[in-house]
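# Coordinates in review
What follows is the residue order along each chain.
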Amino acid sequence: MKPVLQVALDLMQLNRAVAIAHEAAEGGADWIEVGTPLIKSDGAEAVRAIRREFPNRKIIADTKTMDVGGLEVEMMAKAGADIVTVLGLADDSTIAEAVSAGKKYGAEVMVDMINVPDRVSRAKTVEKLGASYICLHMGIDSQMRGEAQPVDVLRTIVQETSVPIAAAGGITVENAAVYVDAGASIIIVGGGIIKAADVKRSAADIVSSMSGRKVDSVLSKKYSEEGLFEAFSKASTCNISDAFHKKGVIMGLRPFIGEGVRMVGRALTVQTANGDWAKPVEAIDRAKPGDVIVIDVGNAPVAVWGELASHSAMTMGAVGVVIDGAIRDIDDIKRIGFPAFARSVVPCAGEPKGYGGIGIEVTIGGQVVRTGDWIIGDENGLVVVPKETAVEVANRAIDVNERENRTREEVKRGSTLSKVNELAKWEPVK
């Protein structure tokens, strides 16, 4: 079959989903998917609503059925779905019952291979069970961890089966053509379309990229370890805090940075005593380009850092300093443009005595920081992200940022923040 674009309406709010679906269809989306979050939010009524809005489009109900396949296919088919999804992890009898119900009520079954260990073998089995489509699906959480896209698996499934194959998960204008070239007949895109301020254009860009045209866009791009500086540079500390469930926020330190400046780098930790600037200055010699020097002084009142240290650190490629204690020469530090965060500003400095250490675990503003952890700072404050979880946190922060951009666009069009999020609907039932 000629490759088609399926837009996944993975939203909680039906009204938003309807509006976005219309924009996506205008941009060239062929099939409309009532996403799993939308079905969980509004049930079969979401499918009915999308069917009423799009009487001539193929409608997919992404139920991700795991059991009672016959009943769930019947429900979705009666609500107006042309295709219903069943998990490849489901029992063979569940898939067979779903297929039988589909034949009875006029719906096809797409088997979703998310988290199936042997996707090639399972694909051949579900084809024999009567599946009309197989979906090679990389889940959102896997994408956030920066896992590699399973394009080679897709090619093998295409070769080993004869039903149309759908590809879903992390597809953007950058890689849509890769999936088409690998044999995917259905390109399923959620975030790469629905998070866009201009949904129509984003859908059109995906359609263009599916045909091999190069389109410049980074919407819904996922980052690996190598791209973390770029990723964290796109997200504010507010985005990161939201994505990290409020963890990692360093409390009580003031930013001394220019408007719009964002500090992003790896921590080089220092521990010292009140006024003892020996170890902080010695750490400059160990700093690598992109490092943030993070100094634990235990909130002591005498400065351990000033303009000369900042200038020296800049020449070594350090991108900022964070001090749980005092700093001085802040006027000169601002003038040379070296990002600094400290608990207090004083004119007095101490003496170099050499207490403490470099590269050891420290505590800054209530957060443990180790050398190699990521430090992000802006006018809102500071966040530390452990190096082990940095890829996932960065990708989730970008996702938060993109969803906020879409919300902002809807507010600009005349809605309000409470209406966009349907706050009253989602308040606890009393």
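For the structure given in this document, a descriptive report is provided here. Treat the numbers as computed from the prediction; the structure is a model and nothing was measured. Note on numbering: residues in each chain are counted from 1, in written sequence order. Predicted model: local features are reported for residues with pLDDT of at least 70 only, side-chain atom pairs are reported and counted for 80 or more only, and whole-chain, interface and lining totals are derived from all residues. Calculated side-chain values reflect all of the structure's heavy atoms, with hydrogen atoms and water omitted.

### Remarks on the overall build of the protein chain
Tallying secondary structure elements over the protein chain gives 18 helices and 19 strands in all. Expressed along its principal axes, the backbone C-alpha trace of the protein chain runs to roughly 85 × 45 × 45 Å. Type-normalised accessible area, obtained with a 1.4 Å probe on protein chains alone, sets the label of each residue: buried when under 20%, exposed when over 50%, and partly exposed for intermediate values. Looking at the protein chain as a whole, 54% of its 430 residues are labelled buried. A separation threshold of at least 6 residues defines the contact pool for the protein chain, and within that pool the share at least 24 residues apart is 72%. Residue-level accessible areas treat just the shown protein chains as cover; the underlying method is Shrake-Rupley with a 1.4 Å probe. Summed over all atoms, the accessible surface of the protein chain reaches about 18,800 Å², with 51% contributed by carbon and sulfur. In this tally, Asp and Glu contribute negative charge and Lys and Arg positive charge; neither His nor the terminal groups of the chain are included. Positions of charges follow a simple convention, taking NZ of Lys, CZ of Arg, CG of Asp or CD of Glu. Within the protein chain, one finds 50 positive and 58 negative side-chain charges whose respective centroids are separated by 3 Å. Each helix is a run of H or I in the DSSP string that is no shorter than four residues. Each strand is a run of E no shorter than two, and both are numbered from the N terminus. Here a residue-residue contact requires only that any non-hydrogen atoms of the pair lie within 4.5 Å.

### Details of a nonpolar patch on the surface
There is a patch of nonpolar side chains on the surface, built from Val68, Leu71 and Met75 and spanning about 260 Å² of accessible area. Looking at the element boundaries, Leu71 is found in helix H4 (residues 69-79). What makes a patch is a set of residues exposed beyond 30% relative accessible area and free of salt bridges, joined within 9 Å when like-charged and within 5 Å when nonpolar (Val, Leu, Ile, Met, Phe, Trp, Tyr). The salt bridge criterion pairs a side-chain nitrogen of Lys or Arg with a carboxyl oxygen of Asp or Glu, the two atoms within 4 Å.

### Topic: the nonpolar core
Only buried Ala, Val, Leu, Ile, Met, Phe, Trp, Tyr and Cys residues count toward a nonpolar core, and they belong to the same one when joined by side-chain atoms within 4.5 Å. Residues Leu9, Val47, Ile187 and Ile193 are the most contacted members of the largest nonpolar core, which totals 68 residues. No other element matches the seven residues that helix H1 (residues 14-27) contributes to this core. Those residues in contact with Leu9 that sit more than four places away from it in its chain are Ala17, Ile20, Ala21, Ile32, Glu33, Val34, Gly35, Leu38, Ile50 and Ile194. Formed by 25 residues, the second largest nonpolar core is a distinct cluster that contains Ile293, Ala309, Ile333 and Ile358.

### With respect to helix H15 (residues 307-315)
Considered for burial, the residues of H15 that qualify are Glu307, Ala309, Ser310 and Ala313. Within H15, the buried residues cover an arc of 160 degrees as seen down the axis, which keeps them to one side. Turned more than 90 degrees off the buried face of H15, the exposed positions are Leu308 and Thr315. Its buried side turned inward, H15 meets helix H14 (278-286), strand S12 (291-296) and helix H16 (330-336). Phi turns positive, to about 95 degrees, at Gly317, one or two residues after H15. The directions considered for the arc run from the helix axis to the C-beta atoms.

### Considerations on the pattern of salt bridges
For the structure on display, the rule yields 31 salt bridges. Its salt-bridge partner being Glu45, residue Arg52 comes within 2.8 Å of it at the nearest N-O pair. We classify Glu45 as partly exposed; its relative accessible area is 33%. Between Arg343 and Asp324 there is a salt bridge, with its nearest N and O atoms 2.6 Å apart. Pair noted here: Arg343 is in strand S14 (residues 340-345) and Asp324 is in strand S13 (residues 320-327), with a separation of 19 residues, a long-range link. Overall, the relative accessible area of 24% leaves Arg343 in the partly exposed class. Given the relative accessible area of 7%, Asp324 is considered buried.

### A word on the sheet that holds strand S5 (residues 108-112)
The pairing criterion for strands is at least two bridges between them, as found by DSSP. Reading around the circumference, S1-S2-S3-S4-S5-S6-S7-S8 is the order of the eight strands in this closed barrel, with parallel pairing throughout. Adjacent strand axes in the sheet meet at a mean angle of 25 degrees, parallel and antiparallel pairs treated alike. In this structure, strand S3 (residues 58-65) lies alongside strand S4 (residues 83-87), joined through three bridges in parallel fashion. Among the inter-strand pairings, Ala61 is bridged to a residue of S4, identified as Val84. Between N-to-C directions, angles cover 0 to 180 degrees, with each direction set by a line fitted to C-alpha atoms, over the stretch in contact for helices.

### Considerations on unusual backbone geometry
Of note, the phi angle at Val68 is positive, near 40 degrees, even though the residue is not glycine. Positive phi, close to 70 degrees, is recorded for Lys246, a residue that is not glycine. With respect to the secondary-structure elements, Lys246 resides in the loop between helix H13 (237-243) and strand S9 (249-250). Of the residues examined, Lys246 reaches a relative accessible area of 68% and is grouped as exposed.

### Let's talk about the packing of helix H6 (residues 119-128) against helix H8 (residues 151-160)
As a packed pair, H6 and H8 sit with axes 9 Å apart at the nearest point and diverge in direction by 30 degrees. Taken together, H6 and H8 sit at an angle that is classed as roughly parallel. Viewed along their axes, H6 and H8 form a crossing whose handedness is right-handed. Residues Arg119, Val120, Ala123, Lys124 and Glu127 of H6 form the contact with H8, whose participating residues are Val153, Thr156, Ile157 and Glu160. Angles are sorted into four bins: roughly parallel if under 35 degrees, roughly antiparallel if over 145, roughly perpendicular if 65 to 115, and oblique for all others. Handedness of a crossing is defined here by the sense of rotation of the near helix relative to the far one, left-handed for an anticlockwise turn of less than a right angle and right-handed for a clockwise turn.

### Examining the layout of surface pockets
Both cavities and pockets are sets of points on a 1 Å grid over the protein atoms alone; in a cavity a 1.4 Å probe fits but cannot get out, in a pocket the set is open with protein on both sides within 12 Å along at least five of seven lines, and lining residues sit with an atom within 4 Å of a point. Grid points are joined across faces, edges and corners, and a volume is the space filled by probe spheres set on the points. Roughly 750 Å³ of volume is contained in the largest pocket. Along its surface, the largest pocket is lined by 39 residues, and Asp10, Ile140, Gln143, Gly191 and Arg403 are the ones closest to its centre. Taken together, the residues of the lining of the largest pocket break down into 16 nonpolar, twelve polar and eleven charged. In this structure, the second largest pocket encloses a volume near 300 Å³. Throughout this entry, Asp, Glu, Lys and Arg are counted as charged residues, while Ala, Val, Leu, Ile, Met, Phe, Trp, Tyr, Cys and Pro are counted as nonpolar. The remaining residues, Gly among them, count as polar.

### A closer look at the pairing of strand S11 (residues 263-271)
Strand residues, when the strand is regular, have side chains that alternate between the two faces of the sheet. Where burial is concerned, most of S11 is hidden: seven out of the nine residues are buried. Examined bridge by bridge, S11 and strand S18 (residues 374-378) share four bridges and lie antiparallel to one another. In the strand pairing of S18, Val264 is matched with Ile376. The pairing of S11 with S12 spans six bridges and is classified as parallel.

### Concerning the pairing of strand S7 (residues 165-168)
Side-chain alternation along S7 places Ile165 and Ala167 on one buried face and Ala166 and Ala168 on a second face that is also buried. Note that strand S6 (residues 133-137) and S7 share four bridges and pair parallel. Counted as the bridge partner of His137 is Ala168 from S7. When the strands point away from the viewer, a crossover counts as right-handed if the path from the first strand over the helix to the second runs clockwise. With helix H9 (residues 176-181) bridging S7 and the parallel strand S8 (residues 186-189), this β-α-β connection has right-handed handedness.

### Quick word on the environment of Asn405
Note on placement: Asn405 falls in helix H17 (residues 390-412). Asn405 sits 210 residues away from Lys195 along the chain, and the two C-alpha atoms are 7.4 Å apart.

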